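Here is what each chain is made of, one letter per residue.
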Amino acid sequence: MMRDGKLKQSCYVPSSSAEVIGNNLDLVTEILLRVPVIPLLKFKCVSKQWLSLISDPKFCASHTHHQPPTAPSALFLLNYLASSPQLIVPLKNEPMPITMPFLDHLNIPGFCIDQSCDGLLLCSSTCLDSTDLGYWFFICNPTTNHFKRISHPVHKFDKFPHPPVLCLAFDPLKSFNYKVVCFYQVVSGEYQIDVYSSETGSWGLNQIPFVNPPSLKIHEWVFCNDAIHWCSLEENSQYFDVSSESVNILPMPPRGQLDITYFGGSRGHLHMGVGISRLVLEFDIWELKEDYSGWFIKYHLDLHSMRRVSASRCPLSVLSLIRAEKEDESTIVFVVDGRAMSYNLYDRRSKMLCDLLRETNPYSGYLKFHAYEYFETLFHV
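Residues numbered from 1 in each chain as written. Predicted model: local features only at pLDDT ≥ 70, side-chain atom pairs only at ≥ 80, totals over all residues. Heavy atoms only, no water.

By the naming in an unreviewed UniProt entry, the protein chain goes by F-box domain-containing protein and is assigned to Populus tomentosa.

1. Quick word on the overall build of the protein chain
Quick note on the threshold: Runs of H or I in DSSP of at least four residues are treated as helices and runs of E of at least two as strands, each being numbered from the N terminus. We call a residue buried when its accessible area falls under 20% of the maximum for its residue type, exposed when it is over 50%, and partly exposed in between, using a 1.4 Å probe and counting protein chains only. A contact between two residues is defined here by any heavy atoms of the two lying within 4.5 Å. To be clear on the numbers: accessible area is Shrake-Rupley with a 1.4 Å probe, and residue cover counts the displayed protein chains and nothing else.
Looking only at helices and strands, one finds six helices and 26 strands in the protein chain. Scored against the burial criterion, the 381 residues of the protein chain give a buried share of 47%. Taking contacts inside the protein chain between residues at least 6 apart in sequence as the whole, the part at least 24 apart equals 44%. For the protein chain, the accessible surface area stands at approximately 19,900 Å², while carbon and sulfur atoms represent 54% of it.

2. Details of the sheet that holds strand 14 (residues 216-224)
Quick note on the threshold: The criterion for strand pairing is that DSSP finds at least two bridges linking the strands in question. The angle between two axes is taken between their N-to-C directions and runs from 0 to 180 degrees, where each axis is a line fitted to C-alpha atoms and a helix contributes only its stretch in contact.
Taken together, four strands build an open sheet; the order of strands is 14-15-16-17 and the sheet is antiparallel. Of all the strands in the sheet, the pair left with one neighbour each is strand 14 and strand 17 (246-251). If you compare each strand with its neighbour and ignore which way they point, the axes differ by 30° on average. The sheet contact formed by strand 15 (residues 227-232) and strand 16 (residues 236-241) spans three bridges and is antiparallel. In the sheet register, I228 faces strand 16, and the bridge partner there is F240.

3. Quick look at the packing of helix 4 (residues 48-55) against helix 5 (residues 57-66)
Filter applied, for reference: Side-chain classes follow a simple rule in which Ala, Val, Leu, Ile, Met, Phe, Trp, Tyr, Cys and Pro form the nonpolar group, Asp, Glu, Lys and Arg form the charged group, and the remainder, Gly included, forms the polar group.
Two elements in contact, helix 4 and helix 5, have axes separated by 5 Å at closest approach and are oriented at 65°. The residues of helix 5 that touch helix 4, namely those facing L53, I54 and S55, are P57, F59 and C60. Residue composition of the contact of helix 4 with helix 5, grouped by class: five nonpolar, one polar and no charged.

4. Regarding unusual backbone geometry
Of note, D337 is a non-glycine position whose phi angle comes to about 50°, a positive value. Summarising the element assignment, D337 is placed in the loop between strand 23 (331-336) and strand 24 (339-344). Backbone geometry places R348, a non-glycine residue, at a positive phi of 65°. Position of R348 among the secondary structure elements: in the loop between strand 24 and strand 25 (350-355).

5. A word on the environment of W295
Our working rule: Throughout this description, a polar contact denotes any pair of N or O atoms lying within 3.5 Å of each other; where both atoms belong to protein, one of them has to be capable of donating a hydrogen while the other can accept it, and for residues adjacent in sequence the pair is counted only when both atoms sit in side chains.
Structurally, W295 can be placed in strand 21 (residues 295-302). Between the C-alpha atoms of W295 and P251, which are 44 residues apart in sequence, the distance is 8.1 Å. The residues touching W295, leaving out its near neighbours within four places in the chain, are P251, M252, P253, F263, L270, H271, M272, W286, E287, L288 and K289. At 2.6 Å, the side chain of W295 and the backbone oxygen of P251 are in polar contact.

6. Overview of the sheet that holds strand 18 (residues 259-266)
One open sheet accounts for four strands, arranged 18-19-20-21; its pairing is antiparallel. Bordering the open sheet on either side are strand 18 and strand 21, each of which pairs with just one other strand. Each adjacent strand pair in this sheet contributes to an overall mean axis angle of 25°, direction not counted.

7. Quick notes on a nonpolar patch on the surface
Cut-off, in case you're wondering: Patch definition: residues above 30% relative accessible area lacking any salt bridge, with like charges linked at up to 9 Å and the nonpolar side chains Val, Leu, Ile, Met, Phe, Trp and Tyr linked at up to 5 Å. The working definition used for a salt bridge is a side-chain nitrogen of Lys or Arg within 4 Å of a carboxyl oxygen of Asp or Glu.
Judged by side-chain polarity, I21, L27 and I31 come together as a nonpolar surface patch covering roughly 220 Å² of accessible area. Following the sequence through the fold, I21 ends up in helix 1 (residues 17-22).

8. As for the side chain of S342
Take S342: it is sitting in strand 24. With residues up to four places along the chain from it excluded, the contact list for S342 reads T331, I332, R349, S350, K351 and L353.

9. Describing the nonpolar core
We apply this condition: In this description, a nonpolar core means a group of buried Ala, Val, Leu, Ile, Met, Phe, Trp, Tyr and Cys residues linked to one another through side-chain atoms lying within 4.5 Å.
Residues I139, L168, Y178, F183, I228, W230 and F240 are the most contacted members of the largest nonpolar core, which totals 36 residues. Elements supplying a minimum of two residues to this core: strand 6 (120-126), strand 7 (135-141), strand 9 (165-169), strand 10 (179-187), strand 11 (190-197), strand 13 (208-211), strand 14 and strand 15. Grouped together as the second largest cluster of nonpolar side chains are 17 residues, Y262, L301, L321 and Y343 included.

Below, the structure written as structure tokens:
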């Protein structure tokens, strides 16, 4: 319709560029893919459209691709005398609660964390249902509070008295599919291995034999470089390559009579701390060579200056060695004399992350801790 030489607009024209962007779902998606995880979760409250978009598994996978979980934001801290983590050690300069009831929304009896792996947690719990053999297994994302229960491998465990050992294999830099590796004892020292794939949602058909030497602690392993590694008191240990589903020899560093104070992996590097004992705060950090031919000393640490002046001699508990994208930002996190400390491996600066004596009982300085790295991720389990 023409009026005064002008075309009368019968359709609505957005009054601002913000409305133009808001009405373009593709453009909104590209913007939200670049928003960090925690603010993004708050954006679910903006509208039903944003809630649907941010909750979409395809969007979650794309966001994980754009912002892969490469550096932990905090450590979930477990006292070896406790059944579940109740403390958070913050690693970034962001406010976080020091204490929290961990994953209470699950409301599952006997719940505990077994492993942390690039933003996902492998968890287990005791249950009273006899058809489930007394325990359940879960894959959890603590950032989104999503979880998935993993089935048992075809009721094999009812034939064997010992509970299985499970390991989560997940590296979002390589694949958005994860695997769960199950070791179950057939006879003393002899195990079989089953592998669960999230891609198929089922356990594989292969039954892989695995011999556990007396010096190898089957429950103490580290996942790194798509392989499960065990340390040993002998000259050689073993590792299980998840991709090829093969068991291989892992040489040990020449430690003599020294104590293993740490065993862990970060950014594809496998590390082992070796010292006289946990009471002596001086030790070497060995790193496994890329070709698995041996180890070399990566760092030498002397942490005696970290002690409280008036404190008694409490054992050191190394929580995590965190390799950064820039080498001069790599740190080691440990507990000594009741304090969680961060120590820069390049310039040797240290800072206290939190005082555990204020958050727990006064004997916590004498106890050993285990830490589970917390990565912020939207990955959909």
